[in-house]
Amino acid sequence: MPQYFGKLQTNEQPWSVIEPIKGIEKSERSIDFHCGKSLFKISILASNLIRVRLAPTGEFQPRRSWAVAKKDGDWNKTPFEVTEQNENISIQTEQIKVTIERNQGRIECSDHNGQPFACDAEIGMGWHTGAVAGWKIIEPDEHFYGFGERTGLLDQRSEIKTNWTVDCIDYNSLTDEMYPAIPFFMALRPNLCYGIFLNSTYWSQFDIGVTKLGIWKMETRSPELDYYIIYGTEPSQVIQTYTELTGRMTLPPRWSLGYHQSRWGYDSEDVVHEIAQEFRNRQLPCDVIHLDIDYMRGYRVFTWSPKRFPHAEQLLSQLKTEGFKVVPIVDPGVKYEPEADYAPFDEGIKNDYFVRKPDGQLFHGYVWPEKALFPDFINPEVRKWWGDSHKVLTDAGVAGIWNDMNEPSISDRPFGDKGQKVWFPLESLQGPADEQVTHAETHNIYGLMMVQACYDGLLHLRPNERPFLLTRSGYAGIQKWSSVWMGDNQATWEHLELSLPMLFNMGLSGIPFVGCDIGGFAGNGNAELFTRWLQVGMLYPFMRAHSAMSTARREPWVYGQRIEDICREYLNLRYRLIPYLYTLFWQTTQTGAPIFRPLLYDYPNDLKTYQLHDQILLGSSLMAAPVYRPGVEYRAVYLPDGVWYDWWTGTSYEGNSHILAAAPIETMPLYVKAGSIIPLYPVRQYIDEDIPTELTIKVFPGEGEFTLYEDDGHTFEYQQQAWATTQYRVSIEGDNVIVDISPREGSLVLSEREIIVDVVDKGKQRFTDDGTARQLRF
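These remarks concern the structure in this document. (Residues numbered from 1 in each chain as written. Predicted model: local features only at pLDDT ≥ 70, side-chain atom pairs only at ≥ 80, totals over all residues. Heavy atoms only, no water.)

This part is about the sheet that holds strand β33 (residues 514-515). The strand order β33-β32-β31-β26-β22-β21-β20-β35-β34 describes an open sheet built from nine strands, whose pairing is parallel. Strands at the two margins of the open sheet, each flanked by one partner only, are β33 and β34 (517-518). In this sheet, strand β35 (residues 543-545) lies alongside β34 in parallel orientation, the contact comprising two bridges. Each bridged residue has a counterpart across the sheet, and for Ile518 the counterpart in β35 is Ala545. (Pairing = 2+ DSSP bridges. Helix = DSSP H or I, 4+ residues; strand = E, 2+ residues; numbered from the N terminus.)

Right, dumping it as structure tokens:
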């Protein structure tokens, strides 16, 4: 067998496979298949959702208290029929048919048109010492998306994707393991889509046709194989079911949709004041300033530096009056500091809250405060303590929390030395006394549990304020608690381009509130790169510029007046689009739909969209074609089916075609689909600067509708009906454009305002919004 030079040959362990089915047991939700010593189960949870579990020993693992998937018993009972024949057993629901071969236990799925999907290969499931695996057939026209945060192109076919959370600093297009581990993907071909969620927190890996052509494999170092198959005719159906399985985002505070400014190096109160003042003086909209590790006393979590931030509460109070929220960073490493009256350390030691080695010795590693200990977030008592520890920060007035280094990122020696990244010993026990498991099982959820601790803590400290959290690491279900950014990227054109498929695949993994560091975190770019990045960053659901301490400053004004003016225009557009964007956030709380999405999401039967990674849909209406190469002033744009309007000029184009778009540095090509309705606020310097007295409804002639969602923007009152929705419809009647406005619904009382309905190429009409129905003709 050919080997790479210098690589020793390895014989892979043979896989044991299940014996022929000896008998079955049926219940109202599932069927057990007895195969000698092994046992596998198929649970029918919805008409398009089944769960498959294989226990090689014949005994299934107990459900963990931290499990992210919805309990089987919490799904509505789904009717299904079981048919037993000599060769196979079939299960039929309203949407799919699942056939199980008696001899080898192979599973084949098909839709009601007989189209196969997620069908087992020659060997369906197997196991050997330390691992279990499953193999399935890749259909010839299948494409693969999701897998969480991934580099490279959009379609992940012919790739190996490992799920193991690491600090992947200096990642590039070939990097495998990333900060989060999201063992979910979807496979797409025209008129058929299916998703796979591998329900394992252990190390796992997807091999999408690399080792064996035409076969994809999932493997995990777990005692059992446990995965879900989700069927749909298009991605939206798969995402809706997947996010019902793993959870959906709750509405974040509206201010978090604004522009966030950050830098590792805003190292004093004076610098932060200066940054805030520059934004306001220059009329560059901004809502949030982030504080990196500079604000802490010697990098100790839950402290303020008495020299650099001696008046933290006063600082945050002053910033609040200027319309700024402050979000500080929090890392999991607690400085090892006996007899120093450092409460997080003292309390953690006293209550045995830190991770220990298998022999019982405290585990330590090196992070920013040098020698550090690490909380066992798998233990709910520890999570409660950690969450409550944020009181030091919330009392000072912080608005949200930025969770970092939570893969966890640990070195084996001080950061100033050249060390190796390490993690807790895999045999270390974590969790409460009655549910202790090894770190091999919990490594991938360490960041997830830290974020849950923080979310619950903020809820406890401020019960009616929606928490805003940002995290680098996580696991499936992280969308329930936090936004996610793509970690330490670089100020290069390659990383600007990389950001697009990375964020697309996060959205296609059920995680909608995502973004990348605008301008790049590491290294130094230039004015053109920053401008192009801010243009596309205007569309990121989470919009933040961030840079490293050793780099040149990256605020919009450092590049001169021309660049500042361009940045202002796109920041203003972001703030005008807030009612549209906030409605998209509300939609995703209902359906899980990605906000920032590839064209294939809305055009899944258009093969031209399957590899298209450099055009963006913000919702279903706005489409951008950003520039991600230096010196480019024109670029090709694909317009899918329909009529499309140029946002800047109003020019219309027939879809299903390519055009050459002008894109000087002042312009990011931006298009709107005919029949779209875009609500716009007036420009403001921060989102809650005032209550808008006017709302523009920009209408693009065609057939379509849009439901505008509004609430108070920061409390949970919307969960008690304190919201308002208004449905707008546009239609064509001869030469006239008709705009129908339905009566406002919901109990939220809105302030008086003027509605300006602006129909492209037809003119404007105005009226005072009293919530009643009306029809406008243009």
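Picking up after the structure, the text goes on.
The next subject is the pairing of strand β2 (residues 23-26). Sheet topology note: the β2/strand β3 (residues 30-35) ladder contains four bridges and is antiparallel. Residue pairing for β3: Lys26 is matched across the bridge by Ile31. Adjacent in sequence and paired antiparallel, β2 and β3 are bridged by three residues.

A pair of packed helices is captured by two measures, namely the crossing angle of their axes and the spacing between those axes. Where helix α2 (residues 269-281) contacts helix α3 (residues 312-321), the two axes come as close as 11 Å, and the packing angle between them is 0 degrees. In terms of orientation, α2 and α3 fall into the roughly parallel class. Judged by residue contacts, Glu269, Val272, His273 and Ala276 of α2 engage Ala312, Leu315, Gln318 and Leu319 from α3. Taken together, the residues that form the contact of α2 with α3 break down as five nonpolar, two polar and one charged. (Axes fitted to C-alpha atoms, helices over the stretch in contact; angles between N-to-C directions. Parallel < 35°, antiparallel > 145°, perpendicular 65-115°, else oblique. Contact = heavy atoms within 4.5 Å. Nonpolar A, V, L, I, M, F, W, Y, C, P; charged D, E, K, R; others polar.)

With that settled, consider the pattern of salt bridges. Tallied over the entire structure, the rule returns 50 salt bridges. In this structure, Lys26 engages Glu84 in a salt bridge whose closest nitrogen and oxygen atoms are separated by 3.5 Å. Of the two residues, Lys26 is situated in strand β2 and Glu84 in strand β6 (residues 81-84); the sequence distance between them amounts to 58 residues. The salt bridge involving Arg774 is made with Asp770; its shortest N-O contact spans 3.4 Å. Taking the relative accessible area as the measure of exposure, Asp770 reaches 47% and is therefore partly exposed. (Salt bridge = Lys/Arg side-chain N within 4 Å of Asp/Glu carboxyl O. Buried < 20%, exposed > 50% of the residue type's maximum accessible area, 1.4 Å probe, protein only.)

Look at helix α10 (residues 527-537) against helix α11 (residues 561-576): their axes get within 9 Å of each other, and the N-to-C directions meet at 10 degrees. Our classification of the angle between α10 and α11 gives roughly parallel. Contacts from Ala527, Phe530, Thr531, Leu534, Gln535 and Gly537 in α10 reach Ile563, Ile566, Cys567, Tyr570, Leu571 and Arg574 in α11. Counted by class, the contact of α10 with α11 contains eight nonpolar, three polar and one charged residues.

The next thing to look at is the sheet that holds strand β51 (residues 774-777). Spatially, β46-β47-β48-β51 is the arrangement adopted by the four strands of the open sheet, whose pairing is antiparallel. Each end of this open sheet is capped by a strand with a single partner; those strands are β46 (704-711) and β51. Strand-to-strand twist in this sheet, taken as the mean axis angle between neighbours without regard to direction, amounts to 20 degrees. Strand direction decides the pairing type here: strand β47 (residues 723-733) and strand β48 (residues 736-741), joined by six bridges, are antiparallel. Paired with Val730 across the two strands is Val739, which belongs to β48. Against the sheet, helix α12 (residues 578-591) touches β46 and β47, its axis set at about 90 degrees to β46.

Across six bridges, the pairing between strand β49 (residues 754-759) and strand β50 (residues 763-768) is antiparallel. Within the sheet, the bridge partner assigned to Glu754 lies in β50 and is Thr768. Joining the antiparallel neighbours β49 and β50 is a turn of three residues, in which Asp761 adopts a positive phi near 70 degrees.

Within helix α5 (residues 380-389), the full set of buried residues consists of Val382, Arg383, Trp385, Trp386, Gly387 and Ser389. Elements in contact with the buried residues of α5: β22 (325-330), β23 (334-335), α4 (343-350), α6 (391-394) and α8 (446-461). The opening residue of α5, the one whose side-chain oxygen lies 2.9 Å from the backbone nitrogen of Glu381, is Asn379. (Polar contact = N/O pair within 3.5 Å; in protein donor to acceptor, adjacent residues only side chain to side chain.)

Within the fold, Gly152 resides in the loop between β13 (143-146) and β14 (160-163). In sequence terms Gly152 and Pro306 are 154 residues apart; their C-alpha atoms lie 44 Å from each other. Setting aside chain neighbours within four positions, we find Gly152 in contact with Ser173, Leu498 and Pro501.

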